[in-house]
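Here is what each chain is made of, one letter per residue.
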Amino acid sequence: MIFEKIYDVIVIGAGHAGCEASLAAARMGADTLLLTISIDNIALMPCNPAIGGIGKGNLVKDMDALGGEMGKNIDATGIQFRVLNKRKGPAVWCSRAQADKYLYKERFQHIIFNTQSLSVKQGIVKDILVEKGEVNGVTTECGQHFRCKKIVICGGTFIGGEIFIGDNVMSAGRMYEPSSTSLSLSLKKIGFEPIRLKTDTPARLHIDSLNFEGLEVYKSDDVIIPFSTETTEITLPQIECYGTYTNEATHEVIRKAAEESMFYNGARESNGPRYCPSMEDKVLKFPEKTGHKLVIEPEGLNTKEVHVNGFSCSIPVEAQIKAYRTVKGMEKAKFIRPAYAIQYDAFQPTNLYHSYESKKVKGLYFAGQVNGTSGYEEAAAQGFMAGVNAVLSLDKKDSFILGRNESYIGVLTDDLVLKGVTEPYRMFTSRSEYRLLTREDNAEERLIEYGYKFGLISKTRYDRFKKEQEEIEQEIERLKNTLIKKTDEIDSMLKEYDVEISQSFKAEELLKRPQLNYNDILTFIGGGLTGRQARQVEIKVKYSGYISSMKQEDDLENIEIPDGFSFDNISGLRHEYSEKLKEIKPKTLGQALRIPGLTKTAISVLAVEIYKYNKSK
């Protein structure tokens, strides 16, 4: 059956990459078709029911500033919100939210089904149709033929997917959902060589069978900071999560049962995620560790299922039950769903342009786990960028490519396209050498102009942003020009903060003192801003020197390394880098960057330390 209609864009797969790709394309005015194996499972969270985390939260904030949906969706369906790394500087603050996975899916589906120019159909794609080196459509296993100008493949773990529990192997993209073996074959015929990657998911337990007494308790932050700047209120009740640990009894069960897992007895080979390893990997590769952290996370407000974050595995079900029940709080655990591993086809992203378009076939884009990444957030960011670029290509416009100094999306894209993958890629703040410039709090400042230009940001939101930015700059100018005079009363007030001054100070200079925050300064000068504007003011003032230093990294040759500067004991600088620096003794940061093996991240750490050193002189 050949449909007469010619779509502008067809998106294959409706996971997090496919959802963002199809919404971005349709919102930019492209006639878009979203094809999915299961309409019921659009935007499903198949593993951990959470959005954000270290580095991942930055991706979500970047997308929100550009006009993506993930941030708004988690704000509307989140049941626990926390900002991680708050004890450290704002460059590494990262938002994370627990979701009601069922509400999350329902809301995303509602948005997709009510978006103009976006059609949704259920079907398993069998073939990518290519003519003269350019895509022109797809066929499904039902015999349907859909024609199009651009295709975005967001196949997740479904392309060639196989599930493993002990020595049991099932063809599936997720448990009880069919894999897309034919699509894998089609891509091979076109000339794409797959790499086999693996990921694991934990068991789901019945909450009433667990004992939370004596476990660590994690609650939402007292002041919740939403992911999206369009969110004015978090409305759902907030829940608690619980922390516990494995022990030697757990590890003994895992060691014995690993022999029955096909990935540990030599029957199968695959590269799993280094930074989210299975329990078998944790126990066998780190035998010196006596316990591994687990977090019990409810999957929603109206379900009895809990997700045990940190205990993914592929050992036989009987051994799973035995292992889980050795853990404090899970002694009487009842299983609802077993843990399993899934192996799937991915394709080297080095075969892509930075626009996510294939170098082999014009008009064919890849996004998500098919590019060798792990995580909802990494997938969604790629899907968003692929969707935007597919539409720009339709209009013969230049590709939209973000730089590493502009966003975490830029870091993600650059890492994938230039370095490729040997294991599932996961975003971290440490991957960004410009992380002080690409903070969560300033995502709109960096990116909203692009979103507005593409028609993905409303004029109402854009005008609100411009007004807020103007007020922030005015407040910073006020701090620069407001003198806090030294008086007995001021001295007495400052002593409460362990601050002593020998002369009068401008409010801006006083705010740079580590003991004082923006609200403290307002007690002296009155007025001021609140909420995210207040956070922006404080960060911009407190870290102005560091930020200026980071902005000058494009002119590293002019940043001299002082003669008395020591490369020893620099926090965040690896020992091997310190040794190379001591041996070569570079005179500038530009020279340091050219030392073989040194990374831009190392240079950015060095830049901040030099700034501190010069400031102390």
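These numbers come from a predicted model, not from an experiment.

1. Regarding the overall build of the protein chain
Logical step 1: For the protein chain, the helix and strand inventory stands at 20 helices and 21 strands.
Logical step 2: Taking 617 residues into account, the globule formula puts the C-alpha radius of gyration at 25 Å, and the protein chain, at 26 Å, falls close to it.
Logical step 3: Once the C-alpha set of the protein chain is aligned to its principal axes, its extents read approximately 80 × 60 × 55 Å.
Logical step 4: Residue burial in the protein chain is summarised as follows: out of 617 residues, 57% are buried.
Logical step 5: Counting contacts in the protein chain only where the partners sit at least 6 residues apart, residues at least 24 apart contribute 73% of the total.
Logical step 6: Summing over all exposed atoms, the protein chain offers an accessible surface of approximately 26,700 Å²; the carbon and sulfur share of this is 48%.
Logical step 7: With 82 positive and 85 negative side-chain charges, the protein chain shows a separation of 1 Å between the mean positions of the two kinds.

2. Focus: the pattern of salt bridges
Logical step 1: Applying the stated criterion across every chain yields a total of 48 salt bridges.
Logical step 2: Salt-bridge contacts for D200 lead to K198; the nearest nitrogen and oxygen are separated by 2.8 Å.
Logical step 3: The class of K198 is buried, set by a relative accessible area of 4%.
Logical step 4: One salt bridge connects E576 with R574, and the closest N-O pair in it is separated by 2.5 Å.
Logical step 5: One continuous salt-bridge network, built from bridges that share partners, spans D64, K72, E230, E444, R461, R464, E468 and R532.

3. Overview of the pairing of strand β15 (residues 293-298)
Logical step 1: Of all six residues in β15, five are buried, a share of seventy percent or more.
Logical step 2: With four bridges connecting them, strand β14 (residues 241-245) and β15 associate as antiparallel partners. Note on β15: the bridge partner recorded for G243 is V295.
Logical step 3: Across four bridges, the pairing between β15 and strand β16 (residues 305-312) is antiparallel. Bridged to I296 within β16 is V308.
Logical step 4: Turn length for the β15-β16 hairpin, with the two strands adjacent in sequence and antiparallel, is six residues.

4. Some details on the sheet that holds strand β5 (residues 94-99)
As a general point, the strands of a sheet are linked pairwise by backbone hydrogen bonds and lie either parallel or antiparallel.
Logical step 1: Strand order in the open sheet formed by three strands is β3-β5-β4, with antiparallel pairing between adjacent strands. This sheet does not close on itself; its edge strands, each paired only once, are β3 (50-52) and β4 (78-84). Mean inter-strand twist for the sheet, computed between neighbouring axes without regard to direction, equals 15 degrees.
Logical step 2: Sheet topology places β4 next to β5; six bridges connect them, and they run antiparallel. Bridged to V83 within β5 is S95.
Logical step 3: Running over the sheet, helix α3 (residues 70-77) touches β3, β4 and β5 and is turned about 120 degrees from β4.

5. Focus: helix α12 (residues 459-481)
Logical step 1: With 23 residues, α12 should cover 33 Å at 1.5 Å per step; its first-to-last C-alpha distance of 33 Å lies within 8% of that length.
Logical step 2: Looking at α12, one finds that the buried residues are R461, Y462, F465, E468, Q469, I472, E475, I476 and L479.
Logical step 3: For α12, the elements touching its buried residues are α2 (56-66), α11 (443-453), β21 (505-506), α14 (507-511), α15 (518-525) and α16 (531-542).

6. Things to note about the packing of aromatic side chains
Logical step 1: This structure, assessed with the given rule, holds 15 aromatic pairs.
Logical step 2: With a centroid separation of 5.5 Å and 85 degrees between ring planes, the pair formed by F565 and Y613 is classed as edge-to-face. Pair noted here: F565 is in the loop between α17 (544-551) and α18 (575-584) and Y613 is in helix α20 (residues 600-616), with a separation of 48 residues, a long-range link.
Logical step 3: A relative accessible area of 11% means that F565 is categorised as buried.
Logical step 4: Aromatic rings pair up to connect F192, F347 and F366 into one cluster.
Logical step 5: K86 extends its terminal NZ or CZ atom over the ring of W93, reaching a point 5.1 Å from the ring centre.

7. Focus: a negative patch on the surface
Logical step 1: Negative charge collects at one region of the surface, where D167, E259, E260 and E318 lie side by side.
Logical step 2: Within the secondary structure layout, E318 lies in helix α8 (residues 317-324).

8. Concerning the nonpolar core
Logical step 1: Counting 88 residues, the largest nonpolar core has I128 and V152 as the members making the most contacts within it.
Logical step 2: Among the elements that line this core, the one with the most residues is helix α9 (residues 376-394), at 11 residues.
Logical step 3: Non-local contacts of I128, meaning those with residues more than four positions away in its chain, are made with I12, V135, G137, V138, I151, I153, L183, S186, L187, I190 and L364.
Logical step 4: Core analysis: the next-biggest nonpolar cluster, separate from the first, contains 24 residues, L205, L215, M279 and V327 among them.

Rules used throughout
- Residues numbered from 1 in each chain as written.
- Predicted model: local features only at pLDDT ≥ 70, side-chain atom pairs only at ≥ 80, totals over all residues.
- Heavy atoms only, no water.
- Helix = DSSP H or I, 4+ residues; strand = E, 2+ residues; numbered from the N terminus.
- Rg over C-alpha atoms; globule rule 2.2 N^0.38 Å.
- Buried < 20%, exposed > 50% of the residue type's maximum accessible area, 1.4 Å probe, protein only.
- Contact = heavy atoms within 4.5 Å.
- Areas by Shrake-Rupley, 256 points an atom, 1.4 Å probe, with all protein chains shown as cover.
- Lys, Arg positive; Asp, Glu negative; His and termini not counted.
- Charge placed at Lys NZ, Arg CZ, Asp CG, Glu CD.
- Salt bridge = Lys/Arg side-chain N within 4 Å of Asp/Glu carboxyl O.
- Pairing = 2+ DSSP bridges.
- Axes fitted to C-alpha atoms, helices over the stretch in contact; angles between N-to-C directions.
- Expected span 1.5 Å × (residues − 1).
- Phe/Tyr/Trp six-rings, centres within 6.5 Å; stacked < 30°, edge-to-face > 60°.
- Lys NZ or Arg CZ within 6 Å of the ring centre and 35° of its normal.
- Patch = residues over 30% accessible without salt bridge, like charges linked within 9 Å, V, L, I, M, F, W, Y side chains within 5 Å.
- Core = buried A, V, L, I, M, F, W, Y, C linked by side-chain atoms within 4.5 Å.

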